Amino acid sequence: MIEKQGENARRFAVGTRVGVAWLHETDGVCEYCRSGAENLCDNPTFTGYTVDGGYAEYIVAPEDFVYAIPAGFPDEQAAPLFCAGIIGFRSLRLSGVKAGARLGFYGFGAAAHVAIQVARHWGVEVFACTRDVRHQKLALELGAAWAGSTFDEPPKKLDAAIVFAPAGEIVPTALKALKKSGALILGGIHMSAIPSFSYELLYQERMIRSVANNTRQDGEDFLRVAAEIPIRTHVQIYPLREANRALNALKNDAISGAAVLRIAE
Ligand SMILES: [Zn+2]
């Protein structure tokens, strides 16, 4: 919610419900910004990482990097859209899937539980590989054609797969599940080391691509489609003072969907 406007801020009126994403600001002048790839900016700032915000009651953000929350979303259901949601959406875009395609998800947490709703909306068939049975169940509830364990082979060859889990050992397994020329998208900021694998797994024009941050266009396009579907996020709410408990639950696969911190007591 806009509490106060900066001197030259005009974009949002006081009282407007807004959200802030991971990409806090870019320089706007580097070669990446100038070519429409501001997610790769040479001088970016990130919310809660290089600038304050995220675990706070108030945040100062440049208006050009702030998004209006679509009316249909209560605050707590909207929260996961701004981080996991946008990154999942960019991962989907980079995977190149279209209606009728078969897409694998490795790991089924906050990002995947939103991305599957977009994929289903696009007419894409989703296969979920995740170690936690509760997450497999959520995937099936959200329309996955199949759900199995991380290293199980999906029943059909995939056009693309997205690895959401930060575990490099999944990469060879996921490559094995792809059709010729299939794309493997790595959706995490961090990943443990990828073990070496036979060139055969990559040959036949398969490709591996990581995802870094988001552009504002990704954010605006995603929020539009999220409202149109409409996406329903599954959230587990923790008060801000229990943020450490939330992080611990996340680490132990104990969150179904996304964890959200409630700032106001
Ligand atoms: Zn830049």
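A. Main features of the domain arrangement of the protein chain. Its domain assignment divides the protein chain into domain 1 (18–82 + 215–262) and domain 2 (84–210). Just the C-alpha atoms count here: the centres of domain 1 and domain 2 sit 22 Å apart. At the interface, 27 residues of domain 1 touch 20 residues of domain 2. Roughly 2000 Å² is buried in total at the junction of domain 1 and domain 2, and carbon and sulfur atoms are behind 58% of that figure. By the criterion of area lost to domain 2, the three top residues of domain 1 are D218, F222 and D253, representing 28% of everything that side buries. The interface formed by domain 1 and domain 2 holds 14 residue pairs in polar contact (both at pLDDT 80 or more) in total. The leading source of residues in the side of domain 1 that touches domain 2 is helix 7 (residues 216–228), at seven residues. Looking at the side of domain 1 that touches domain 2 residue by residue, the classes come out as 13 nonpolar, eight polar and six charged.

B. Main features of the coordination of the zinc ion. Of the protein atoms, only D27 (OD), C30 (SG), C33 (SG) and C41 (SG) coordinate the zinc ion, at distances of 2.0 to 2.3 Å. With four donor atoms in place around the zinc ion and angles of 95 to 119° between them, the coordination shape is tetrahedral. Sequence spacing of the donors to the zinc ion: D-x2-C-x2-C-x7-C. For C33, a relative accessible area of 15% puts it in the buried group.

C. Summary view of the nonpolar core. The biggest cluster of nonpolar side chains holds 42 residues, and the ones touching the most others in it are L81, L92, L103, F105, F108 and F222. Taken together, the elements giving at least two residues each to this core come down to helix 3 (84–95), strand 5 (102–106), helix 4 (110–121), strand 6 (125–129), helix 5 (133–141), strand 8 (158–163), strand 9 (178–186) and helix 7. Per element, the largest residue contribution to this core is seven residues, and it comes from helix 4. Here this core gathers at least three residues from each of two domains, domain 1 (18–82 + 215–262) and domain 2 (84–210). Once residues within four sequence positions are removed from consideration, L81 is found in contact with F73, I86, F222, L223, A226, I231 and T233.

D. Molecular detail of unusual backbone geometry. Each neighbour pair has its own omega, and for I229 with P230 the value is -20°, a cis peptide bond. Note that P230 resides in the loop between helix 7 and strand 11 (235–239). Positive phi, normally seen in glycine, also occurs at E205, with a value near 60°. Relative to the assigned elements, E205 resides in the loop between strand 9 and strand 10 (207–210).

E. Quick peek at the packing of helix 3 against helix 4. Packing of helix 3 against helix 4 brings their axes to within 8 Å, and their N-to-C directions diverge by 55°. Viewed along their axes, helix 3 and helix 4 adopt a mutual orientation that is oblique. Here helix 3 and helix 4 pass one another in a crossing that is right-handed. From helix 3, A84, G85, G88, F89 and L92 reach across to helix 4, where they touch A110, A111, V114, A115, V118 and A119. Of the residues that constitute the contact of helix 3 with helix 4, the class distribution is nine nonpolar, two polar and no charged.

F. Main features of the pairing of strand 9. With five bridges connecting them, strand 8 and strand 9 associate as parallel partners. Note that in strand 9 the partner of I162 across the bridge is I185. After leaving strand 8, the chain enters helix 6 (residues 170–176) and then returns to the sheet as strand 9, a path that is right-handed. Inspection of the sheet shows strand 9 paired to strand 10 by four bridges, in the parallel sense. Across the sheet, the residue bridging to L186 is S210, located in strand 10.

G. Inspection of the packing of aromatic side chains at higher detail. As enumerated under the stated definition, the model contains nine aromatic pairs in all. Their ring planes at 10° and their centres at 4.4 Å tell us that W22 and F46 sit as a pair that is stacked. Of this pair, W22 sits in the loop between strand 1 (18–20) and strand 2 (23–25) while F46 sits in strand 3 (residues 45–46), placing them 24 residues apart in sequence. Through successive ring pairs, a cluster of aromatic residues spans W22, F46 and Y49. R216 extends its terminal NZ or CZ atom over the ring of F65, reaching a point 3.9 Å from the ring centre.

H. Structural detail: the pattern of salt bridges. Tallied over the full model, the rule gives 16 salt bridges. Its salt-bridge partner being R90, residue D218 comes within 2.8 Å of it at the nearest N-O pair. With D218 in helix 7 and R90 in helix 3, the pair connects residues that are 128 residues apart, well separated along the chain. Grouping residues by exposure puts D218 and R90 together as buried.

Thresholds, definitions, all that
- Residues numbered from 1 in each chain as written.
- Predicted model: local features only at pLDDT ≥ 70, side-chain atom pairs only at ≥ 80, totals over all residues.
- Heavy atoms only, no water.
- Domains from an automatic or database assignment.
- Contact = heavy atoms within 4.5 Å.
- Buried area = accessible area lost by both parts, 1.4 Å probe.
- Polar contact = N/O pair within 3.5 Å; in protein donor to acceptor, adjacent residues only side chain to side chain.
- Helix = DSSP H or I, 4+ residues; strand = E, 2+ residues; numbered from the N terminus.
- Nonpolar A, V, L, I, M, F, W, Y, C, P; charged D, E, K, R; others polar.
- Donors = N, O, S within 2.8 Å, 3.2 Å for Na, K, Ca; no water.
- Tetrahedral: all angles 85-135°; square planar, octahedral: opposite > 155°, others 65-115°.
- Buried < 20%, exposed > 50% of the residue type's maximum accessible area, 1.4 Å probe, protein only.
- Core = buried A, V, L, I, M, F, W, Y, C linked by side-chain atoms within 4.5 Å.
- Axes fitted to C-alpha atoms, helices over the stretch in contact; angles between N-to-C directions.
- Parallel < 35°, antiparallel > 145°, perpendicular 65-115°, else oblique.
- Left-handed = near helix turned anticlockwise from the far one by under 90°.
- Pairing = 2+ DSSP bridges.
- Right-handed = clockwise from strand over helix to strand, strands pointing away.
- Phe/Tyr/Trp six-rings, centres within 6.5 Å; stacked < 30°, edge-to-face > 60°.
- Lys NZ or Arg CZ within 6 Å of the ring centre and 35° of its normal.
- Salt bridge = Lys/Arg side-chain N within 4 Å of Asp/Glu carboxyl O.

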